[in-house]
Amino acid sequence: MPGLRGNSYFSTVHAPRKPKMRPEHSHGPMLKHLLLLFLTVFTSGWGLAQADGVLIEGELRHKKTRDPLQNVTVTVMVGDDIVDSFEADGRYSYEVPHDGDYVLMFGAIDMVPQSVQINASQVPEALHGELDALTWPVMLFDYVEGFDMSVVDEPFGIFDFDEDRESMEFDRSHSSQMRGALDDEMERLSNQGREAERNQRYYEYSMEDAQKAERKGRWAAAKEEYEEALEFKPGDADAAAGLERANLALNPELADADGEADEEADEEADEEADEE
């Protein structure tokens with residue numbers, strides 16, 4: 001307990017020059033002894049509780065800008081169960097108990113989460129409270145549309161107990177694999193983005209050529225360009241409408257058939273209205 005060290009508190013109390021008379025059955029000395037005993041036991045137990053775990057700490061930063069991250073939610077899990085959570089700004093610190101293998105999940109709004117696993121149950125009881133603190137810096141990056149979230153299902157880092165070194169050691173091989181998987185996913189998204197830009201550009205070229213051909217009454221060429229536009233941008237309403245116009249121009253009988261069908265539909269609607 002801060003401020004209490006041995007008997008230092010009571011050593012500052014000076015005895016009076018002339019002892020005061022006390023009742024025959026006074027419990028003053030006994031109460032003083034019990035209080036000292038209580039304080040000794042309490043402060044010792046408090047110190048052990050504070051050290052009886054694996055401490056992990058580190059900075060929280062944006063991967064691209066390297067700026068400190070604010071309002072990061074740290075969720076503590078054992079298996080699928082959430083056992084604790086807290087908010088952190090710029091840095092975090094957490095003491096992991098030795099009763100299980102814990103995962104710390106770091107998340108922020110519009111950012112891809114990251115996690116680290118501490119297999120604290122592997123630490124021998126004789127070393128509880130004796131291990132150095134672990135350092136795990138967290139670098140979160142902005143969520144990109146289409147990102148495969150299964151990539152971050154596994155922890156980015158894993159700490160296991162090394163019997164030879166008698167310490168918690170970082171699994172470099174696992175983290176290297178996770179970084180490789182993340183790099184592959186970011187490359188896929190980058191390629192996907194470039195392909196989308198290319199398709200959009202070719203779509204615009206096709207639409208421009210189709211509209212030029214339509215204005216000149218070159219319906220066969222217009223149809224071909226509208227079909228090509230739909231290949232670059234499937235389901236586009238403008239390209240679909242243009243293709244329909246081209247088909248009707250090239251096949252007038254389709255227009256007549258559609259007109260007859262519309263007339264029949266109108267007549268049936270009128271008959272139903274009359275019956276009502």
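Trainee: How do you make sense of the packing of aromatic side chains when you look at a structure like this?
Mentor: Remark: the centre distance and the inter-plane angle together describe each pair of aromatic rings, the angle taken between the planes. Under the criterion given, the structure shown has eight aromatic pairs. Judged by centre distance (5.6 Å) and plane angle (5 degrees), the ring pair of Phe-86 and Tyr-94 falls under stacked. Judged by relative accessible area, which is 14%, Tyr-94 ranks as buried. Plain terms: the ring middles of Trp-136 and Phe-159 are 6.3 Å apart, the flat faces sit at 85 degrees to each other, and that makes the pair edge-to-face. You can see Trp-136 sitting in the loop between strand E7 (134-135) and strand E8 (138-140) and its partner Phe-159 sitting in strand E9 (residues 157-162), a full 23 residues away along the chain. Grouping residues by exposure puts Trp-136 and Phe-159 together as buried. Directly above the ring of Tyr-202 sits Arg-201, whose terminal nitrogen or CZ lies 5.7 Å from the centroid. The lysine or arginine in question, Lys-233, covers the ring of Tyr-203, its NZ or CZ lying 4.7 Å from the ring centre.

Trainee: Looking at this structure, I do not really get the sheet that holds strand E2 (residues 72-78). What am I missing?
Mentor: Backbone hydrogen bonds hold the strands of a sheet together, and the pairing may be parallel or antiparallel. Taken together, the six strands give an open sheet; going across it, the order is E3-E2-E5-E6-E9-E10, and neighbouring strands pair in mixed fashion. Each end of this open sheet is capped by a strand with a single partner; those strands are strand E3 (81-88) and strand E10 (167-170). Across the sheet, the mean angle from the axis of one strand to that of its neighbour is 20 degrees, orientation sign disregarded. For E2 and strand E5 (residues 102-107), the ladder comprises five bridges, and the chain directions are antiparallel. When the bridges of E5 are listed, Met-77 appears paired with Val-103.

Trainee: Looking at this structure, how should I read helix H4 (residues 219-232)?
Mentor: The first and last C-alpha atoms of H4 sit 20 Å apart over 14 residues, in line with the 20 Å expected at 1.5 Å per residue. For H4, the set of buried residues is Ala-222, Glu-225, Tyr-226, Ala-229 and Leu-230. Along H4, the residues classed as buried sweep out an arc of 145 degrees about the axis, all on the same side. Turned more than 90 degrees off the buried face of H4, the exposed positions are Ala-220, Glu-224 and Glu-231.

Trainee: Even after reading the chapter, I still don't get the pattern of salt bridges, so can you show me in this structure?
Mentor: For side chains bearing opposite charge, pairing can occur when the charged atoms are close. Evaluated as defined, the whole model comprises six salt bridges. With a shortest N-O distance of 3.8 Å, Glu-187 and Arg-194 are connected by a salt bridge. In this structure, Glu-208 engages Lys-212 in a salt bridge whose closest nitrogen and oxygen atoms are separated by 3.6 Å. Here Glu-208 and its partner Lys-212 are both found in helix H3 (residues 172-215), four residues apart, which amounts to about one turn of the helix. Residue classification places Glu-208 among the partly exposed positions, given a relative accessible area of 41%. Judged by relative accessible area, which is 38%, Lys-212 ranks as partly exposed.

What counts as what
- Think of each chain on its own: its residues are numbered from 1, step by step along the sequence as written.
- In keeping with the predicted nature of the model, local features appear solely for residues at pLDDT of at least 70, side-chain atom pairs appear and are counted solely at 80 or more, and the whole-chain, interface and lining totals rest on all residues.
- Side-chain measures here rest on the full set of heavy atoms in the structure, leaving out hydrogens and waters.
- Only Phe, Tyr and Trp rings are paired, with Trp represented by its six-membered ring, and only when their centres lie within 6.5 Å; those with planes under 30 degrees apart are stacked, over 60 edge-to-face, the remainder tilted.
- Relative accessibility decides the category of a residue: with a 1.4 Å probe and only protein chains considered, values under 20% of the type maximum give buried, values over 50% give exposed, and everything between is partly exposed.
- Here a helix means four or more residues in a row that DSSP labels H or I, a strand means two or more in a row labelled E, and each is numbered from the N terminus.
- Charge-over-ring placement is defined geometrically: NZ (Lys) or CZ (Arg) within 6 Å of the ring centre, and within 35 degrees of the ring normal.
- A pair of strands is treated as paired once DSSP finds two or more bridges between them.
- Helix axes are fitted to C-alpha atoms over the stretch in contact, other axes to C-alpha atoms as well, and angles between N-to-C directions run from 0 to 180 degrees.
- To estimate how far a helix should extend, the number of its residues minus one is multiplied by 1.5 Å.
- When we speak of the arc, we mean the arc of directions from the helix axis to the C-beta atoms.
- By salt bridge we mean one thing: a side-chain nitrogen of Lys or Arg within 4 Å of a carboxyl oxygen of Asp or Glu.

Functional significance is not addressed by these values, which are geometric in nature.
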